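# Chain and residue survey
This is what each chain is made of:
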Amino acid sequence: MKGGMRDVGQPIERAVLVGIDTGGPRQDGASIGAEESLRELERLARTAGVEPVATLHQSIRQISPATYIGKGKVEELTERAKALGASAVLIDENLSPGQQRTLTERIGVKVLDRSQLILDIFAARARSLEGKLQVELAQLEYMLPRLTRAWTHLSRLGGGGVGTRGPGETQLEVDRRRVREKIVRLKRRIAEVERTRELHRKERADVPYVTIALVGYTNAGKSTLMNALTDAGVLVEDKLFATLDPTIRRLDLPGGARALLVDTVGFIHRLPHQLIEAFKSTLEEVRRADLLLHVVDATNPEAAQQIAIVERVLEEIGAGATPTILAWNKIDRTGESEAPPRDVTTHPRIVDVAAISAATGRGLHELLGTIERWLDRERVRIEVTIPASRGDLLAWVHRAAKVVDERYEDGVARVTALASPKLAGQLRKRLEVTACSTFPTS
Ligand SMILES: Nc1nc2c(ncn2[C@@H]2O[C@H](COP(=O)(O)OP(=O)(O)OP(=O)(O)O)[C@@H](O)[C@H]2O)c(=O)[nH]1
Ligand SMILES: [Mg+2]
C-alpha cells in the first residue's frame, strides 16, 4: 500500500481505470455523476503518479458479490491489462476486502479501489508528524480486514521477529494482532500530539477573535483564497489534496475587526471513512469554527453535487449547523454567469453568498464586507465595569469590540460595547458584566 506509487511527477505505474455507472444519482443526492467521478479518478491517479493507459466503463444494475463488476468485464479487464502492460487496475468504487482479493487473483495485477488510491495520495502528501500518524492509522484500519495469508507483508509492519509468535497462533493471527497493536500505539501517539494542538487551541480560545474555517471540495481554491486574504504562503497546486495540515492566520477586515482564518484539508466524493476517522483532530479545527467559508469551484460542471458532498462531510464531523458563507470561486473562468445558480444557495445555514476569483482578486473586497456584515449581525450588546486603573483591559475591549458608550465615575469605567458572542463570553469570565443582551443585536 505504501510502496510503489508516489507523487513524484513522472508516472511510474500504468493502470487501467474502471468507471462504474450504477444508474443515476444516489438517493441522498450527495454523489457526483459517473462521468465526472471517472474524470476525478483519472486526476487522483495522476496525482498518485499513475498513468491511466485505458478506461473501461461498466454499467451495473446488479452488483456481483464476488467481484463487484460482472464476469465478462473481468475477462475484458484481464486482457486489456495484459495487452497494455498495465501493472494495476483502479476501480472507481470502494470494494470489499473479498472482492478486491478475488479481482486481484483473477486479473493477475493489483487491483486498487478508490479509498486505497486516496489513502496513498494522503500518505505521499502528509508533511506534519500529526498528518503522517493520521494517514498511517487510516491505512492500517484499511488494511486490517484485508490481511490474509497471501497478503501479509510482515516486514512492512516493523518489529516482530523471534519470540513474537505465540503458541498455537497462525501467522495470520500474529499479523492481525500486530496490526491491531500498532493501531493502538498510533492512536496513543496521535492523542499525545493532539494535546499540544489542544494547548494552542486553548490559547486561541482566549484570543477575542472569531475563527473562520475555509472548507470545500478538493481543488476548489481554498488555499489560493487563504493566500489572497492573508500572506500565509500556503502551497497551491492544480492537484488533489494539496493541503493536508491546517494553517491558521490572522485576517484583518477593512472595518478594523479581526478574525482567525483556517485553511485545511479538502473533501471529495467517497472520502474513505477511515480517513475521516483518523483526521478527527485536524477536522476539529473546522468543527470549532464560528463561521465557515465554503469555497466552490464554479467551473466544475458538478459544483452543486460537490456542495452536497461537502455538506454531508460537514454533518458527519459535527459541523452541520455552523453558519456558512458560500464563496463561488473562479468566476474569472465562468464567462458571463458570475452568480451561482439559485438551487445551490438555498441550504438553510448559508447566511450569504459571494462570487469571487481568488486568483485575480475579483470580489474579495465584497467577500470581506460580507464577513463583516455577518460579524455585525452576530454581535451582542454588553455592558462591563472596568477599574479605571486597568488601562490594559480597556484597551483590550477597544481592540476586540465596538465600543458604543464609555462613562467614568468613582474610579471605574462603564463601557457599553457590541461584541461577538465569543468575546462576550470571555468578558464575562474576566470582568464584571452589568448587562448583556442574549440575542444578536439585529
Ligand atoms: N482560474 C482560477 N483558478 C483558480 C482560482 N482559485 C484557485 N484556482 C486554481 O485552482 C487550483 C487549486 O487551488 P488550491 O488553492 O490549491 O485549491 P484547494 O481548495 O486548496 O485544494 P486542496 O488543498 O487540494 O483541497 C490551483 O491550480 C489554483 O491556481 C480562481 O479564482 N480562478
Ligand atoms: Mg489547499
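To be clear, the structure that these remarks concern was listed above.
Going along each chain's sequence as written, the residues are numbered from 1 onward. Chains carry letters and ligands carry numbers; both start at the beginning, A for chains and 1 for ligands, and go up in the order they are written. Local features in a predicted model are, by the rule used here, given only for residues with pLDDT of at least 70; side-chain atom pairs are given and counted only at 80 or more, and totals for whole chains, interfaces and linings are based on all residues. Here the side-chain values reflect all heavy atoms present in the structure, with hydrogen atoms and water set aside.

Below, the discussion takes up the layout of surface pockets. Looking at the largest pocket, its volume works out to about 700 Å³. Put plainly, a pocket is an open set of points on a 1 Å grid over the protein atoms alone with protein on both sides within 12 Å along at least five of seven lines, a cavity is a set where a 1.4 Å probe fits but cannot get out, and a lining residue has an atom within 4 Å of a point. In terms of lining residues, the largest pocket is bounded by 36 residues, among which Asn219, Ala220, Asp238, Asp297 and Lys330 are the most central. Every element with two or more residues in the lining of the largest pocket is listed here: helix H1 (34–47) and helix H8 (222–229). If one sorts the elements of the lining of the largest pocket by residue count, H1 sits on top with five residues. Just so you know, the domain bounds were taken from an automatic or database domain assignment. When we break the lining of the largest pocket down by domain, the ones giving at least three residues each are domain 1 (13–121) and domain 3 (207–377). Grid points are joined across faces, edges and corners, and a volume is the space filled by probe spheres set on the points. Note on conventions: DSSP H or I runs of at least 4 residues are helices, E runs of at least 2 residues are strands, and numbering of each starts at the N terminus.

If DSSP finds at least two bridges between two strands, the strands pair. The four strands are arranged S2-S1-S3-S4 in an open sheet whose pairing can be described as parallel. In this open sheet, the two strands that pair with only one neighbour each are strand S2 (50–59) and strand S4 (110–113). For this sheet, the mean angle separating the axes of adjacent strands, direction not counted, is 25°. Where strand S1 (residues 13–21) lies against S2, nine bridges are found, and the strand directions are parallel. Among the inter-strand pairings, Ala15 is bridged to a residue of S2, identified as Pro52. Axes here mean lines fitted to C-alpha atoms, for a helix over just the part in contact, with angles spanning 0 to 180 degrees between N-to-C directions.

Let us now look at the environment of Glu302. For Glu302, the location among the structural elements is in the loop between strand S8 (291–297) and helix H11 (303–316). Three exposure classes are used, based on accessible area relative to the maximum for each residue type with a 1.4 Å probe and protein chains only: buried under 20%, partly exposed in between, and exposed over 50%. Glu302 gets classed as buried once you look at its relative accessible area, which sits at 15%. With 265 residues separating them along the chain, Glu302 and Ser37 place their C-alpha atoms 9.7 Å apart. Look past the residues within four positions of Glu302 in its chain and what remains in contact with it is Ile32, Gly33 and Glu36. For this analysis, residues touch if any pair of their heavy atoms sits within 4.5 Å.

Attention shifts here to the side chain of Glu372. Mapped onto the elements of the fold, Glu372 is located in helix H12 (residues 364–378). This buried residue, Glu372, is left without a salt bridge; Arg379 holds the nearest opposite charge, at 7.6 Å. A polar side-chain atom of Glu372 sits 2.4 Å from the main-chain amide nitrogen of Gly255. Beyond its immediate stretch of four places on either side in the chain, Glu372 contacts Leu253, Pro254, Gly255 and Gly256. A positive count includes Lys and Arg, and a negative count includes Asp and Glu. His and the chain ends are not counted in either. What makes a salt bridge here is a side-chain nitrogen of Lys or Arg within 4 Å of a carboxyl oxygen of Asp or Glu, nothing more. Counted as a polar contact is a pair of N or O atoms within 3.5 Å, where, for protein atoms, one must be capable of donating a hydrogen and the other of accepting one, and residues adjacent in sequence contribute only when both atoms are in side chains.

Moving on, we come to the packing of aromatic side chains. A pair of Phe, Tyr and Trp rings is counted when the ring centres sit within 6.5 Å of each other, with Trp represented by its six-membered ring. The angle between the planes then sorts it: under 30 degrees is stacked, over 60 is edge-to-face, the rest tilted. Counting across every chain of the model gives two aromatic pairs. Between Phe122 and Phe241 the ring centres are 4.7 Å apart and the planes differ by 55°, which places this aromatic pair in the tilted class. Linking Phe122 in helix H4 (residues 114–125) with Phe241 in the loop between H8 and strand S6 (247–252), this pair joins segments that are 119 residues apart in sequence. Across this residue pair, the class does not change: Phe122 and Phe241 are buried. Seen from their ring centres, Phe122 and Phe279 are 5.4 Å apart, and the 90° between their planes marks the pair as edge-to-face. Taken as a pair, Phe122 in helix H4 and Phe279 in the loop between helix H9 (273–278) and helix H10 (280–287) lie far apart in primary sequence, 157 residues in all.

Phi angles above zero are rare outside glycine, and Tyr68 is one such case at about 65°. With a phi angle near 55°, Phe241 is a residue other than glycine that sits in the positive phi range. Taking relative accessible area as the criterion, Phe241 reaches 1% and is therefore assigned buried.

Looking now at empty space enclosed by the protein. If you roll a probe as big as a water molecule over the atoms, it shows you where there is empty space left. Scanning the entire structure with this criterion turns up three cavities of 30 Å³ or more. The space that makes up the largest cavity amounts to roughly 120 Å³. What lines the largest cavity is simply Pro208, Tyr209, Val210, Ala257, Arg258, Leu375, Arg379, Arg399, Ala400, Ser420 and Leu423. Residue type decides the class: Asp, Glu, Lys and Arg count as charged, Ala, Val, Leu, Ile, Met, Phe, Trp, Tyr, Cys and Pro as nonpolar, and the leftover types, Gly among them, as polar. Residue composition of the lining of the largest cavity, grouped by class: seven nonpolar, one polar and three charged. As for the second largest cavity, its lining consists of Phe122, Val265, Gly266, Phe267, Leu271, Leu275, Ile276, Phe279 and Leu283.

Coordination partners: N, O, S within 2.8 Å of the metal, 3.2 Å for Na, K and Ca; water not considered, so apparent gaps in a site are possible. Within the protein, Ser223 (OG) and Thr243 (OG1) serve as the donor atoms for the magnesium ion (ligand 2), at 2.0 to 2.1 Å. Here Ser223 is found in helix H8, whereas its partner Thr243 is found in the loop between H8 and S6, with 20 residues between them in sequence. For Ser223, a relative accessible area of 8% gives the class buried. Owing to a relative accessible area of 10%, Thr243 belongs among the buried residues under this scheme.

This paragraph deals with the sheet that holds strand S5 (residues 210–216). Spatial ordering of the open sheet is given by S6-S7-S5-S8-S9-S10, a layout of six strands whose pairing is mixed. Here the strands that pair on one side only, and so sit at the sheet edges, are S6 and strand S10 (350–355). For this sheet, the mean angle separating the axes of adjacent strands, direction not counted, is 25°. With six bridges connecting them, S6 and strand S7 (residues 258–263) associate as antiparallel partners. By the bridge assignment for S7, Arg250 is matched with Leu260. Against the sheet, H11 makes contact with S5, S8 and strand S9 (324–329), and its axis sits at roughly 150° relative to S8, the strand it touches most.

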